[in-house]
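# An overview of the molecular structure
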Amino acid sequence: MSPIAEILQTSYVISMDGSGNPIIINDVRNDFICYHDNGESELLADSIETLIEDHFYEWRKEDFM
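### Brief notes about the nonpolar core
Where a protein is soluble and globular, its nonpolar side chains tend to be buried together. Counting five residues, the largest nonpolar core consists of Ile4, Ile7, Ile24, Phe32 and Cys34. Elements supplying a minimum of two residues to this core: helix 1 (3-8) and strand 3 (31-34). Excluding residues within four positions of it along the chain, Cys34 makes contact with Ile4, Asn21, Pro22, Ile24, Glu40 and Ser41.

### Quick notes on the pairing of strand 2 (residues 22-26)
Among the five residues that make up strand 2, five are buried, leaving the element largely enclosed by the rest of the structure. Along strand 2, one buried face is formed by Pro22, Ile24 and Asn26 and the opposite face, lined by Ile23 and Ile25, is buried too. Relative to strand 2, strand 1 (residues 11-16) is paired through five bridges, and the arrangement is antiparallel. Paired with Tyr12 across the two strands is Ile25, which belongs to strand 2. With antiparallel pairing between neighbouring strands as the criterion, strand 1 and strand 2 make up a hairpin whose turn holds five residues, including Gly20 at a positive phi of roughly 85°. Hairpin connection between strand 2 and strand 3: a loop of four residues separates the two successive antiparallel strands, and Arg29 in this loop has a positive phi of roughly 70°.

Basis of the calculations
Residues numbered from 1 in each chain as written. Predicted model: local features only at pLDDT ≥ 70, side-chain atom pairs only at ≥ 80, totals over all residues. Heavy atoms only, no water. Core = buried A, V, L, I, M, F, W, Y, C linked by side-chain atoms within 4.5 Å. Buried < 20%, exposed > 50% of the residue type's maximum accessible area, 1.4 Å probe, protein only. Helix = DSSP H or I, 4+ residues; strand = E, 2+ residues; numbered from the N terminus. Contact = heavy atoms within 4.5 Å. Pairing = 2+ DSSP bridges.

What follows is the structure, given as structure tokens:
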């Protein structure tokens, strides 16, 4: 079984990047991107909250406080 297949056994695809790579969240709420062309994966954030805060600047908490 490929590494991406193993990750997907306990994960959900929550989005896709512009190149067709799935962005997934696993059972311990880590967020990964899986590169479909080479089979590698990369940790994007330790939580969905951190992922949003790091990549969607207009949604940051400190902007609402």
